[in-house]
Amino acid sequence: MNEFLEPGMLVRHPDAPDWGIGQVQSVINGRITVNFQNEGKVVIDGKRVELILAGEP
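These numbers were taken from a predicted model, which means no experiment stands behind them.

S.K.: What is the right way to read the side chain of N2 from this model?
M.R.: Note on placement: N2 falls in the segment before strand 1 (10–12). Overall, N2 belongs to the buried group, its relative accessible area being 6%. Within the structure, N2 has its side chain in polar contact with the backbone oxygen of V49 (distance 2.6 Å). Aside from chain neighbours lying at most four places away, what touches N2 is I32, G46, V49, E50 and L51.

Written as structure tokens, this is what we have:
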């Protein structure tokens, strides 16, 4: 699913629900930068973590 992510999409991290909803900032070569409500900006290896699409915050 990560290969379909685009900037602006809302996601959740499956192993860190306390981070809240995050907005995808960029997707470059499998590295996904997401700005999460409660954690801030995080770069995620899309080959190791399958982000979950979220609805409206």
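S.K.: I'm lost on the sheet that holds strand 5 (residues 52–53) in this one. Help?
M.R.: What holds strands together in a sheet is hydrogen bonding between their backbones, with the strands either parallel or antiparallel. Strand order in the open sheet formed by five strands is 4-3-2-1-5, with antiparallel pairing between adjacent strands. One side of each edge strand has no neighbouring strand; the edge strands of this open sheet are strand 4 (40–45) and strand 5. Sheet analysis places strand 1 next to strand 2 (residues 22–28), joined by two bridges and oriented antiparallel. Note that in strand 2 the partner of L10 across the bridge is Q23.

S.K.: Which parts of the structure should I look at to understand the nonpolar core?
M.R.: What tends to happen in soluble globular proteins is that the nonpolar side chains get buried as a cluster. With 12 residues, the main nonpolar core is built from L5, V11, A16, W19, V24, I32, V34, F36, V42, I44, V49 and L51. Only strand 3 (31–36) and strand 4 provide two or more residues apiece to this core. For this core, the leading source of residues is strand 3, giving three residues. Apart from the residues lying within four places of it in its own chain, the contact partners of I44 are H13, G30, R31, I32, V34, F36, V49 and L51.

S.K.: Just to check I follow, could you spell out the side chain of T33 for this structure?
M.R.: Structurally, T33 can be placed in strand 3. By relative accessible area, T33 is classed as buried at 14%. Those residues in contact with T33 that lie beyond four places of it in its chain are Q23, V24, Q25, S26, K41, V42 and V43.

S.K.: For this particular structure, what's the right way to read the pairing of strand 2?
M.R.: Every other side chain in a regular strand lies on the same face of the sheet, so the side chains alternate between the two faces. The pairing of strand 2 with strand 3 spans six bridges and is antiparallel. Note on strand 3: the bridge partner recorded for G22 is F36. Between strand 2 and strand 3, which follow one another and run antiparallel, lie two residues, and N29 among them has a positive phi close to 50°.

Definitions and limits used
Residues numbered from 1 in each chain as written. Predicted model: local features only at pLDDT ≥ 70, side-chain atom pairs only at ≥ 80, totals over all residues. Heavy atoms only, no water. Helix = DSSP H or I, 4+ residues; strand = E, 2+ residues; numbered from the N terminus. Buried < 20%, exposed > 50% of the residue type's maximum accessible area, 1.4 Å probe, protein only. Polar contact = N/O pair within 3.5 Å; in protein donor to acceptor, adjacent residues only side chain to side chain. Contact = heavy atoms within 4.5 Å. Pairing = 2+ DSSP bridges. Core = buried A, V, L, I, M, F, W, Y, C linked by side-chain atoms within 4.5 Å.

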